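Structure at a glance
Next come the chains, spelled out residue by residue.
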Amino acid sequence: MMQFFYTYPFLIGIVSCLLAFAGMPLVIKIAKKKHLVVRPNKRMSHSGEVPNIGGIDICFSFLLTYMVFEFNNFQESQFILIGVFAIMSVGLVDDILILSPTAKLLGETLAGTALIGFADIRLTHLHNIFGITEIGIIPSYLLSLFVLIAIINAINLIDGVDGLASGLGMLYCLFFAIYFLLVGETNWAILSICLIGSLAVYFCYNVFGKNQKIFMGDSGSLLLGYMLTAFVFRFCELNAYGQVPEKFQMSAAPGVAIAVLAVPIFDTIRVSLTRIKKHQSPFHADKNHIHHLLLRTGLTHIQTTGILMAVSLLLIGVGLLGRNWNFWILTATIFLICTILTVILWRVIDYKNAKH
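A brief structural summary. Quantities reported herein were computed from a predicted structural model and do not represent experimental measurements.

Glycine aside, residues mostly have negative phi angles, and peptide bonds mostly take the trans form. Despite not being glycine, I98 shows a phi value in the positive range, around 60°. Within the element layout of this structure, I98 appears in the loop between α4 (74-97) and α5 (101-118). The residue D120 is not glycine, and still its phi comes out positive at about 60°.

Structural data, given as structure tokens:
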């Protein structure tokens, strides 16, 4: 039976779906009973009290499925899984108590040590960026921690409309799952597939739930960002040391990774620079994210999610096309496309405002 699933690994996602589907009603029930909900406020567009601990269901269905199918590899993956539970816990505490940015950053750093320090999943090679190849252990730890925190918070910040973080998360995980399968990294592919299944159930409840609606909260978005960082690290390292068949080798692997995650990365940079320009803290909450801008044009949540997923597909396509370009040329191309699309969006908003 297990061999059947390994022959068709994407079926493992169905098991993850089933576990997530079985657990979600219980999570919603507990959230409502314990008042672990989000109430409507000026930054949100939903009505009524909505549970905000969907990350718990994502986490446990993901972990359980992976442990069932990859129990023999548990020793190799134990620190990754410990880190998953740790980062989910940090997010859950933030959902319940609302941590300060400093406390949240400290929690992310501590959780990151499981991945970077103990699991030894980190960046050790710069792919000839600035003419640098292999880097020492201290620069490796510092760079990896910076990238981890940047990606985690970019995913956290993009989680602003129904289905967006989970929709993009499924798309990103699908990219890495396919790549890992193509290069023979089955263990990593199964990690990606398990997460896709868990996210799919959350997506359905979040977008179509009505009375059973739920948000993933920081417990979910931090977990998602954490795992995507792990996939990025493994993806870059495989390409840095020629550990993949030549036809799947990507000399600009970091640029491809940026292309895959371009929507949340570019949006986080743009919003942070805008806040700094206004002499505000980069952590200052506002409604200037890309999903907020799209909502201003009159689009619904699901339309906004669909458009940003389509843009992500476009950028992934560009990334694959330029997989062996110079890193700076590929990255500049990705950011140029994002800038052009953002300017067009601003023009659409100005036009609609002028009509009113």
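In contact at an axis separation of 9 Å, helix α7 (residues 164-182) and helix α13 (residues 301-321) are set at 25° when each is read in the N-to-C sense. On the basis of their axis angle, the class for α7 and α13 is roughly parallel. Considering only the axes of α7 and α13, their crossing is right-handed. Contact with α7, carried on its side by L164, G167, L168, L171, Y172 and F175, involves T305, L308, M309, S312, L313, I316 and L320 of α13 and no other residues of that element. Along the lines of polarity and charge, the residues of the contact of α7 with α13 split into 10 nonpolar, 3 polar and no charged.

With respect to the helices and strands, F62 occurs in helix α3 (residues 54-69). In the structure, F62 is positioned 134 residues away from I196 in sequence and 8.6 Å away in space, judged by C-alpha atoms. For F62, the contacting residues outside a window of four places in its chain are S16, V84, L191, C194, L195, S198 and M227.

Attention now moves to the side chain of D267. One can find D267 in helix α11 (residues 262-277). You can call D267 buried: its relative accessible area is 2%. A distance of 2.9 Å separates polar atoms of two side chains, one belonging to D267 and the other to R270. Ignoring sequence-local partners within four residues, the contact set of D267 consists of I158, A262, H289 and I290.

What counts and what doesn't
Residues numbered from 1 in each chain as written. Predicted model: local features only at pLDDT ≥ 70, side-chain atom pairs only at ≥ 80, totals over all residues. Heavy atoms only, no water. Helix = DSSP H or I, 4+ residues; strand = E, 2+ residues; numbered from the N terminus. Axes fitted to C-alpha atoms, helices over the stretch in contact; angles between N-to-C directions. Parallel < 35°, antiparallel > 145°, perpendicular 65-115°, else oblique. Left-handed = near helix turned anticlockwise from the far one by under 90°. Contact = heavy atoms within 4.5 Å. Nonpolar A, V, L, I, M, F, W, Y, C, P; charged D, E, K, R; others polar. Buried < 20%, exposed > 50% of the residue type's maximum accessible area, 1.4 Å probe, protein only. Polar contact = N/O pair within 3.5 Å; in protein donor to acceptor, adjacent residues only side chain to side chain.

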